[in-house]
Amino acid sequence: MENCLKTRLKEVVNNDSLVIEGHLKIKVSQKSSVTANMSLLSLSAANTGCDIKVTGNGYFADTFAGLSDPGSRYTSKHIDGNGNLNTLYFANGDYYIDISSKENIVNIINSSAAESQTIFSISIDQFYCPNLSKIEAPLSDIHGSISGLSLSSNLSEIIIEGINIVGDISVLGNATSITSLYISRANVTGNISTLTGKNSLSLLVLSDTKVSGNVSSLNGLNALTNVQLENTIVSGDVKNIKSPNLGRLDIRNTNISGTIEELAAALWNNGSGRGAGIPASGTPAVTYVYAKGSNVTYNGQAINMEHAEWIRYFGTYGAYDLSLDTVKQLKEILQNIIIDIKILKN
């Protein structure tokens, strides 16, 4: 063994940031001040559950107020595998949270529209969790590759965002029961053909990513209520996004083409009458559409407004005019609304 490299390592390595095999490590970073929503983390587990412990000067409690009471604090706790959601509040500071038996994690949630950040930093590379059903942490510092989600065939909801998230959405191909896919402002790639046949999908947000593909892949996904594909390189005819339950569509700055009129006709007809959620008579349900910067037109013209007022237009199909960029056009539409209201009353 002439070419043998010999090394000498310490028997014990004192580095809290190292990830133990089979564990999930979450970093907590000190903030100038924190609220309850910034410090909460909710988890549930299956099978034998998992253990949570913190390192350094960290601690947590069952309530935010409990953080101020030394008698209510924990440095470790067992999460039972009964599937019940456990909401914990973590102290402001610089330390790590270690979660054992990550294969048993079902839900991990940190989300609040009331805040712009949290104290948590999570590497999604670690999420090789076969029982994972939901990860919701859009305001936490999420980074790494979504490839870690490839084993999560039970995944139903993923709600994350951040420019340091990478990977290809094809890893979600096995998530056949997914209902919410929200990956925004991220450097993820892939083709939306991955979503073909995901019939339970209701929320689809891939805005500000490098995702591509043809929207014909969304044809037949009738559970869709919210589709946001703005600032992607997705293409195809807008009329293929014809879920009868569609409530919001954002396709600004995409390669999607077609006309608002054809989309409206597809939504209203949908192969079987007026479509689910649309009254048999009277005022049609409202559909919200943003399309500036796409190749979609309305009334033969490009859609020019950056932040269009969502104007209801009682036309033949109940289409919505989002190309209003002059006061004259707005007055004309409002006049038509008044006329149609009178007709409906009579």
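Look a little higher up for the structure.
These numbers were taken from a predicted model, which means no experiment stands behind them. All residue numbers refer to position in the chain's written sequence, counted from 1. A pLDDT threshold of at least 70 governs which residues receive local features in this predicted model, and a stricter bar of 80 or more applies before side-chain atom pairs are shown or counted, although totals over entire chains, interfaces and linings include all residues. As a convention, hydrogens and water are excluded, and side-chain values are obtained from all of the structure's heavy atoms.

Caption draft 1: Just the sheet that holds strand S8 (residues 105-109), in detail. By definition, two strands form a pair when at least two bridges between them are found by DSSP. Only DSSP runs of H or I reaching four residues or more are called helices, and only runs of E reaching two or more are called strands; each is numbered from the N terminus. Within the open sheet, the eleven strands sit side by side as S4-S6-S2-S8-S10-S12-S14-S16-S18-S20-S22. Their pairing is mixed. Looking along the sheet, the strands with just one partner apiece sit at the ends: strand S4 (60-61) and strand S22 (288-290). Pairing of strand S14 (residues 180-184) with strand S16 (residues 203-205), which is carried by three bridges, proceeds in the parallel orientation. Each bridged residue has a counterpart across the sheet, and for Ser-180 the counterpart in S16 is Leu-203.

Caption draft 2: Focus on the side chain of Asn-104. Locating Asn-104 in the fold gives a position in the loop between strand S7 (95-99) and S8. We call two residues in contact whenever any of their non-hydrogen atoms come within 4.5 Å of each other. Discounting chain neighbours no more than four positions away, the residues touching Asn-104 are Ser-44, Ala-45, Ala-46, Asn-47, Thr-48, Gly-49 and Asn-131.

Caption draft 3: Layout of unusual backbone geometry. A positive phi is found at Ser-101, a non-glycine position, where the angle reads about 50 degrees. Its place among the elements puts Ser-101 in the loop between S7 and S8. Of note, Asp-208 is a non-glycine position whose phi angle comes to about 55 degrees, a positive value. With respect to the helices and strands, Asp-208 occurs in the loop between S16 and strand S17 (212-214). The buried label applies to any residue whose accessible area, calculated with a 1.4 Å probe on protein chains only, is under 20% of its type's maximum; exposed applies above 50%, and partly exposed to all values in between. For Asp-208, a relative accessible area of 32% translates into the label partly exposed.

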